[in-house]
Amino acid sequence: MRMLTDATEAFEAHDYPMTTEELIEADGDVTLELPNGTETVADALSRSAPETFESAEDARMTACAGLSSKAIGRKGYSDRDPVCMGEDGPEEVSF
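What you are looking at is a predicted structure, and each value in this text was computed from that prediction instead of being measured.

The subject of this paragraph is the pattern of salt bridges. Here the structure, examined in full by the defined rule, presents two salt bridges. In this structure, the salt-bridge partner of arginine 47 is glutamate 39, at a minimum N-O distance of 2.8 Å. Residue classification places arginine 47 among the partly exposed residues on the basis of a relative accessible area of 32%. Glutamate 39 sits in the buried class, given a relative accessible area of 4%. Between glutamate 57 and arginine 60 there is a salt bridge; the shortest N-O distance is 3.0 Å. Residue glutamate 57 and its partner arginine 60 are located together in helix H4 (residues 56–65), separated by three residues, close to a single helical turn. Residue class for glutamate 57 comes out partly exposed when judged on its relative accessible area of 42%.

This is the structure we're talking about:
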């Protein structure tokens, strides 16, 4: 995912295992350029439960999962997509 390039490079520079807190302290200020704005690695990682990452890939996947709705193109385009963590989704409509 291109928007996580800077974060991925920062994550790969560390030795693992590493906790969420340690990763936020080291790379939390890295800015992620998203389709609808920006947020930091700290923003993305703080949306998930604290954990210990065994690899840079684990950290990248968690950061990706924690991105806000700023990372999606058209919000609400599909009623099949799950909502972003920490957000309420649309009300279900029966046809």
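On we go from here.
As a further point, take the side chain of arginine 60. The exposure class of arginine 60 is buried, given its relative accessible area of 18%. Among the polar contacts made by the side chain of arginine 60, one reaches the side chain of glutamate 57 at a distance of 3.0 Å.

The subject of this paragraph is the environment of glutamate 51. Here glutamate 51 lies in the loop between helix H3 (41–45) and strand S4 (52–53). The class of glutamate 51 is partly exposed, set by a relative accessible area of 34%. The sequence separation of glutamate 51 and threonine 62 amounts to eleven residues, and the corresponding C-alpha distance is 9.7 Å. Beyond its immediate stretch of four places on either side in the chain, glutamate 51 contacts Met18, Thr19, Thr20 and Thr62. There is a polar contact of 3.4 Å between the side chain of glutamate 51 and the side chain of threonine 62.

Attention now moves to the nonpolar core. Membership of the largest hydrophobic core comes to 18 residues, with the highest contact counts inside it found for Ala7, Phe11, Leu23, Leu32, Val41, Leu45 and Leu67. Elements supplying a minimum of two residues to this core: helix H1 (5–12), strand S2 (31–34), H3 and H4. Setting aside chain neighbours within four positions, we find leucine 23 in contact with Phe11, His14, Tyr16, Met18, Gly28, Leu45, Phe53 and Ala59.

A cluster of like negative charges, contributed by Asp6, Glu9, Glu12 and Glu33, occupies part of the molecular surface. In terms of residue count, the dominant contributor to the negative patch is H1 (three residues). Assignment of secondary structure puts glutamate 12 in helix H1. Taking the relative accessible area as the measure of exposure, glutamate 12 reaches 55% and is therefore exposed.

Basis of the calculations
- Within every chain, residues take consecutive numbers counted from 1 along the sequence as written.
- Selection of residues for local features in this predicted model requires a pLDDT of at least 70, selection of side-chain atom pairs for listing and counting requires 80 or more, and totals for whole chains, interfaces and linings are taken over all residues.
- Note: side-chain values were computed over all heavy atoms of the structure, leaving out hydrogens and water.
- Criterion for a salt bridge: a side-chain nitrogen of Lys or Arg within 4 Å of a carboxyl oxygen of Asp or Glu.
- Throughout, exposure labels follow a simple rule: accessible area from a 1.4 Å probe, protein chains only, divided by the maximum for the residue type, with under 20% read as buried, over 50% as exposed, and the rest as partly exposed.
- The secondary structure listing takes helices from DSSP runs of H or I that are at least 4 residues long and strands from runs of E that are at least 2 residues long, numbered from the N terminus.
- Definition of a polar contact: a pair of N or O atoms within 3.5 Å, with one able to donate and the other able to accept a hydrogen when the atoms are protein atoms, and with sequence-neighbouring residues admitted only if both atoms are side-chain atoms.
- Any pair of residues with heavy atoms lying within 4.5 Å of one another is described as a contacting pair.
- Here the nonpolar core consists of buried residues drawn from Ala, Val, Leu, Ile, Met, Phe, Trp, Tyr and Cys, with membership extended through side-chain atoms lying within 4.5 Å.
- What makes a patch is a set of residues exposed beyond 30% relative accessible area and free of salt bridges, joined within 9 Å when like-charged and within 5 Å when nonpolar (Val, Leu, Ile, Met, Phe, Trp, Tyr).
- Using the Shrake-Rupley algorithm and a 1.4 Å probe, accessible areas are obtained, with residue cover drawn only from the displayed protein chains.
- This count recognises Lys and Arg as positive and Asp and Glu as negative, with His and chain-terminal groups excluded.
- Charged side chains are reduced to one point each, which is NZ for Lys, CZ for Arg, CG for Asp and CD for Glu.

Everything listed here is a matter of coordinates, which is why it stays silent on function.
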